[in-house]
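Breakdown of the fold
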Amino acid sequence: MAVESVSLPLLGEIDLERIKVTILVALVSVGCVWVGLQAVHDSWQRYSSRALRIPFRIILPVVAVAAAVPAWLGWRAVEENVWHPSVLVLLFGVVVWGVTGIHSFVRRLLASFKQKQPEATGEEEQAPAEQTDPPEEVKGVPLWVKGMVAVGVVLFAIRLPDFKASLMDATIKNRAAMAGEAGRYTDAVNLYAELRTRHPSDNGLKKDLAFAQYHAGQYYSAMETFQLLSGVEMASTDVRKINAAIQDIESKLKQRKFLSE
Amino acid sequence: MFIIPGSVISAITFPGIVIHELAHYLFCMFFKVPVFQVCYFRFGNPAGYVLHGKVGNWLHHVILSAGPFFLNSLLGAFLAFPSALRVFEFPGDATALDSVLIWLGVSIAMHAIPSTGDAQSMWSAVSGNKAGGVVKFCIAPIIGVIYLLRLGSVFWLDAIYGVAVCYALPRLLVLWLS
């Protein structure tokens, strides 16, 4: 597939996708940070009697830095062609912050419209006040709680597409274990070997494969697989079992060699 | 026995406390019970609470008190669902995102067990003439179990429950598919 690229004065040849992603991320970040600051301002006004005035000379650098960091991470992500989870979490965090900010802004806007209504009728102000006010009822869930739930759901959504593969692999692992328990060691070896190609760094799988190979009589393969575990920190019981298996394999191989001679 | 102060556990597993109080609040809204104050999280005992008005009947009161048990358990299992197999079956392949989801899931599920305050509230809903003898007979063991589970939290029973909830669902799925 041909990669579309453009030549820029200081940056040289850059592919278009990278520019698009960076601009998009920067724009979204600027918008979200801006609205997020509005939300902070709103919250301050709601809970504090003191007026909060944030001067532009502080707002602008904050917005610029907060937008530049995700944009830079987006730029790096495209360069490495990998959307690292931390980048996604950061971006989604910014988006959630922005969404909650927008929500707060809309609510403030709607509330301002509602407040104007009594003035229009002129009746509310004349209504006699009650002697004892009932305690004020809590309405709605705070933005930070909604944001927290949203972050959880977003992280869940990011991880969900991989679930099918994890489920299949876990099922194969379970089938392999069941085959091993039933004495069908060759089936177990095949299943563990299939898994090992997809999870090459999993030491537990290496151990299970090696034992299945040992029980299936595939001694050379078992020795090779056990060799992969050298230097790996394991439970003392596992180490003892592995050492016993290796000694047994060595003695069997010697015996086999002796008989063939 | 490895004992960590409750406030530290609360701070580490704060999403669970937030969801626990949110569940109380949502059930109050569902049963149209007025809520006067909600503390989703704080550094103190209790770490969160909901102050609400009079509840219509004893059944609503019981559901309102036991609500977090269902919501926290379901949400914990739901959030940890995609990462649980990777973390428990193939730990070598787990990423930071998996760890975050498991932390969220276990934190939320381990705060599913109703507090002793919830149990007291549940009992007050059925005590006296508010409910019949059969109802009291059914509710009393539940309250007893809650107190036992709370006592068991000293032995990390709540954390064990959290891990079990997060791992059980995907594990059952794997056993069924095998």
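Residues numbered from 1 in each chain as written. Chains lettered and ligands numbered in written order. Predicted model: local features only at pLDDT ≥ 70, side-chain atom pairs only at ≥ 80, totals over all residues. Heavy atoms only, no water.

Take the overall build of chain B next. The helix and strand inventory of chain B stands at seven helices and two strands. Burial status across chain B gives 46% buried among its 178 residues. About 8,600 Å² of surface is accessible on chain B, with carbon and sulfur atoms providing 74% of the total. (Helix = DSSP H or I, 4+ residues; strand = E, 2+ residues; numbered from the N terminus. Buried < 20%, exposed > 50% of the residue type's maximum accessible area, 1.4 Å probe, protein only. Areas by Shrake-Rupley, 256 points an atom, 1.4 Å probe, with all protein chains shown as cover.)

Turning next to the overall build of chain A. Tallying secondary structure elements over chain A gives nine helices and two strands in all. Each helix and strand of chain A, ordered N terminal to C terminal, gives the series β-β-α-α-α-α-α-α-α-α-α. Every one of the 261 residues in chain A was classed for burial, and the buried ones make up 31%. For chain A, contacts bridging at least 24 residues in sequence account for 54% of all contacts bridging at least 6. (Contact = heavy atoms within 4.5 Å.)

Counted under the stated rule, the structure contains nine salt bridges over all chains. The partner of Arg-184 of chain A in a salt bridge is Asp-187 of chain A, and the shortest N-O contact between them spans 3.2 Å. When its relative accessible area of 35% is taken as the criterion, Asp-187 of chain A is described as partly exposed. One salt bridge connects Asp-98 of chain B with Arg-86 of chain B, and the closest N-O pair in it is separated by 3.5 Å. (Salt bridge = Lys/Arg side-chain N within 4 Å of Asp/Glu carboxyl O.)

All right, on to the packing of aromatic side chains then. Going through the model one piece at a time under the given rule, you end up with 12 aromatic pairs over all chains. Here Phe-156 of chain A and Phe-78 of chain B contribute two aromatic rings whose centre-to-centre distance is 4.2 Å and whose plane-to-plane angle is 25 degrees, an arrangement assigned as stacked. Placement of the pair is Phe-156 of chain A in helix α4 (residues 143–159) and Phe-78 of chain B in helix α3 (residues 58–89), with the two residues belonging to separate chains. Note on Phe-78 of chain B: relative accessible area 39%, which makes it partly exposed. (Phe/Tyr/Trp six-rings, centres within 6.5 Å; stacked < 30°, edge-to-face > 60°.)

So, on to the confidence of the model for chain B. Interpretation of the predicted coordinates at a detailed level should be avoided for regions scoring low in pLDDT. For chain B, the average pLDDT comes to 84, and 96% of its residues sit at 70 or higher. Within chain B, the lowest mean pLDDT, 76, falls on helix α1 (residues 6–12) of chain B, and the highest, 91, falls on helix α2 (residues 14–30) of chain B. (pLDDT = per-residue confidence, 0-100.)

All names here are of chain A. Under the 1.5 Å per step criterion, the end-to-end length of helix α7 (residues 203–215) is 18 Å for 13 residues, consistent within 8% with the ideal 18 Å. What α7 keeps buried is the set Leu-205, Lys-206, Lys-207, Leu-209, Ala-210, Phe-211, Ala-212, Gln-213 and Tyr-214. Looking at the buried side of α7, the elements it contacts are α6 (185–198), α8 (219–228) and α9 (236–260). Backbone nitrogen of Gly-204 and a side-chain oxygen of the N-cap are separated by 3.0 Å at the start of α7; the cap is Asp-202. (Expected span 1.5 Å × (residues − 1). Polar contact = N/O pair within 3.5 Å; in protein donor to acceptor, adjacent residues only side chain to side chain.)

This paragraph deals with the packing of α3 of chain B against helix α7 (residues 157–177) of chain B. Residue and element names in this part refer to chain B. Where α3 meets α7, the axes come as close as 7 Å, and the angle between the chain directions of the two elements is 65 degrees. The way α3 lies across α7 gives a crossing that is right-handed. For the pair α3 and α7, the contacting residues are Phe-69, Ser-73, Gly-76, Ala-77, Ala-80, Phe-81, Ala-84, Leu-85, Phe-88 and Glu-89 in the first and Tyr-161, Val-163, Val-165, Cys-166, Tyr-167, Leu-169, Pro-170, Arg-171, Leu-173 and Val-174 in the second. Here the residues of the contact of α3 with α7 sort into 16 nonpolar, two polar and two charged. (Axes fitted to C-alpha atoms, helices over the stretch in contact; angles between N-to-C directions. Left-handed = near helix turned anticlockwise from the far one by under 90°. Nonpolar A, V, L, I, M, F, W, Y, C, P; charged D, E, K, R; others polar.)

Moving on: unusual backbone geometry. Look at Lys-32 of chain B: it is not a glycine, yet its phi comes out positive at around 55 degrees. Exposure remark for Lys-32 of chain B: the relative accessible area of 74% places this residue in the exposed category.

This paragraph deals with the environment of Ala-131 of chain B. Residue and element names in this part refer to chain B. Within the secondary structure, Ala-131 sits in the loop between α5 (116–126) and α6 (133–152). Taking C-alpha positions, Ala-131 is 6.8 Å from Trp-58, a pair spaced 73 residues apart along the chain. With residues up to four places along the chain from it excluded, the contact list for Ala-131 reads Trp-58, Val-126 and Lys-136.

Here the focus is the packing of α3 of chain B against α5 of chain B. Residue and element names in this part refer to chain B. At a closest axis distance of 9 Å, the pairing of α3 and α5 adopts a crossing angle of 175 degrees. With respect to α5, the element α3 is oriented roughly antiparallel. Along the contact surface, α3 presents Trp-58, His-61, Val-62, Ser-65 and Ala-66, while α5 presents Asp-118, Ser-121, Met-122, Ser-124, Ala-125 and Val-126. Across the contact of α3 with α5, the residue classes break down as six nonpolar, four polar and one charged. (Parallel < 35°, antiparallel > 145°, perpendicular 65-115°, else oblique.)

Taken together, the contacts link 37 residues of chain B with 38 residues of chain A. Together chain B and chain A conceal approximately 3,200 Å² of surface at their shared face, both sides included; 72% is due to carbon and sulfur atoms. Looking at the side of chain B facing chain A, the largest losses of area belong to Pro-82, Phe-90 and Leu-97 of chain B, adding up to 21% of the total buried there. At the junction of chain B and chain A, the tally comes to one salt bridge. The residue Lys-173 of chain A makes a salt bridge to Glu-89 of chain B at a minimum N-O spacing of 3.7 Å. Where chain B touches chain A, the interface holds four residue pairs in polar contact (both at pLDDT 80 or more). Broken down by secondary-structure element, the contributors of at least two residues to the side of chain B that touches chain A are α2, β1 (35–39), α3, α4 (96–110) and α7 of chain B. The dominant element in the side of chain B that touches chain A, judged by the number of residues it contributes, is α3 of chain B, at eight residues. Here the side of chain B that touches chain A is built from residues that sort into 27 nonpolar, five polar and five charged. (Buried area = accessible area lost by both parts, 1.4 Å probe.)

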